[in-house]
Amino acid sequence: MPLAQKPGAGPVEARCVRLLAKAADAASIEPVVEPHLLSRAANELLIELRASAVNPSDVKAATGLMPYAVFPRTSGRDYAGVVIDGPEGWIGREVFGSSGDLGIRRDGTHATHLAVEADAVVEKPKGLSWEEAAGIGVPFVTAMEGLRRAGIPKSGETIVVMGVNGKVGQAAVQIASWHGARVIGVVRKREAYEGHANSAVEVIDASATDVATRVRELTGGKGADVVFNTVGDPYFEAAHKSLALRGRQILIATIERVVPFNILEFYRGQHTYVGIDTLGLSSVATGAVLRELGSGFASGHLKPFPIKANAIYPLRDAKAAFAAVAGSSRDRVILRPDAAE
């Protein structure tokens, strides 16, 4: 439902989901909705938000796992909405975006409005709902940044995605298969791949077989050119042993911080390890990554995550939305401003 703000009207009183202080744990997160007067700087756009996503990083930042997170602040990194104030030619444009600093180091997207740099926003792909566009951000940026840094696998190359049914895993599958790579997915228990792909995805059940041995079998002994490890230490050794000569392992998360590391195998295999932390990307840098993905969404090679009706929450139910994400929901959880609240 559109909000009441008129185009080009200047400052607005936004309703914002505020985190007033660090929570002891996920169950103790107590977001409140407060009004805040919001206006744009000269290099910014003022956006009337239609949807914003809740990410695991939002939960972690609320519980003090990111020491640079500020309090109080408005939470949220991903968004989609309509520009209502900005330079000539911007007003009325439908946009979306994400960020490593929004909602962490400065006020974010869990609100009715957002002020953000013009260079950070991206045109919303036509045909996508507001909720779908808002759900693209962090997972696709993380996947794309990892593959950019490691070298996007192409036709004739093999990528193994560990944690393939997670949202970053699914985004990595979409991007890699779009570029013609062969994709092998790893799951921790027997299940099929759940997401979109541009070619068949072979799945290895880690509970029933040795992952590295199976990867070698599937690749004629060569191993994987790229392993995208979305889980961290539980798969670190299997990923290491799955790599081909000059293979690359991408790491974005972990449970335990320290892992065994065989330096001899590492340098004799001429391996590369790539660490990705999208929280280090500014809004503008994040926008540049999303723009690289635009043609994929336009062509249909990339598809947004399906958004379930029961995973959409009004701002006043932000606590329930945070709880759903903290509970490891596989759904993409969305907050949607509603003028009738």
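Everything in this summary refers to the structure shown in the same document.

The rules behind these values
- Residues numbered from 1 in each chain as written.
- Predicted model: local features only at pLDDT ≥ 70, side-chain atom pairs only at ≥ 80, totals over all residues.
- Heavy atoms only, no water.
- Helix = DSSP H or I, 4+ residues; strand = E, 2+ residues; numbered from the N terminus.
- Rg over C-alpha atoms; globule rule 2.2 N^0.38 Å.
- Buried < 20%, exposed > 50% of the residue type's maximum accessible area, 1.4 Å probe, protein only.
- Areas by Shrake-Rupley, 256 points an atom, 1.4 Å probe, with all protein chains shown as cover.
- Salt bridge = Lys/Arg side-chain N within 4 Å of Asp/Glu carboxyl O.
- Pairing = 2+ DSSP bridges.
- Expected span 1.5 Å × (residues − 1).
- Contact = heavy atoms within 4.5 Å.

Details of the overall build of the protein
Thinking step 1. From N to C terminus, the protein includes 9 helices and 16 strands.
Thinking step 2. For the protein, the C-alpha radius of gyration of 20 Å lies close to 20 Å, the compact-globule estimate for 341 residues.
Thinking step 3. Considering only C-alpha atoms, the protein reaches an extent of 65 × 45 × 35 Å along its principal axes.
Thinking step 4. Taken over 341 residues, the protein has a buried fraction of 53%.
Thinking step 5. Accessible surface, the protein: about 14600 Å² in total, of which carbon and sulfur atoms supply 52%.

A look at the pattern of salt bridges
Thinking step 1. A full pass over the atoms with the stated rule returns 21 salt bridges.
Thinking step 2. Of the charged contacts in the structure, one is a salt bridge between Arg332 and Asp78, with a shortest N-O distance of 2.8 Å. Separated by 254 residues along the polypeptide, Arg332 in the loop between helix H9 (318–326) and strand S16 (333–335) and Asp78 in the loop between strand S4 (73–74) and strand S5 (79–85) bring together distant segments of the chain. For the pair Arg332 and Asp78, a shared accessibility class is recorded, and that class is buried.
Thinking step 3. A salt bridge links Lys124 to Glu94; the shortest N-O distance between them is 3.7 Å. Here Lys124, found in the loop between strand S8 (122–123) and helix H2 (130–134), pairs with Glu94, found in strand S6 (residues 94–97); they are 30 residues apart in sequence, far enough to count as distant.

Some words on the pairing of strand S7 (residues 113–117)
Thinking step 1. Most of S7 sits out of view: 5 of its 5 residues are buried.
Thinking step 2. With 5 bridges joining them, strand S3 (residues 44–54) and S7 adopt antiparallel strand pairing. Residue pairing in the sheet places Glu48 in a bridge with His113 of S7.

Some points on the sheet that holds S4
Thinking step 1. The strand order across the open sheet built from 3 strands is S2-S1-S4, with neighbouring strands paired in antiparallel fashion. Looking at which strands have only one partner, the edges of the open sheet turn out to be strand S2 (32–38) and S4.
Thinking step 2. Pairing of strand S1 (residues 12–19) with S2, which is carried by 7 bridges, proceeds in the antiparallel orientation. Paired with Arg18 across the strands is Val32, a residue of S2.

Re helix H4 (residues 167–178)
Thinking step 1. Taking 1.5 Å as the rise per residue, H4 with 12 residues should run 16 Å; its terminal C-alpha atoms sit 16 Å apart, in good agreement.
Thinking step 2. In terms of burial, H4 is largely enclosed, as 11 of its 12 residues are buried.
Thinking step 3. Among all positions in H4, only Lys167, Val168, Gly169, Gln170, Ala171, Ala172, Val173, Gln174, Ile175, Ala176 and Ser177 are buried.
Thinking step 4. The secondary structure elements touched by the buried residues of H4 are helix H3 (137–150), strand S9 (158–162), strand S10 (182–187), strand S11 (201–205), strand S12 (224–229) and helix H8 (283–299).
Thinking step 5. Gly180 lies just past H4 and shows a positive phi near 95°.

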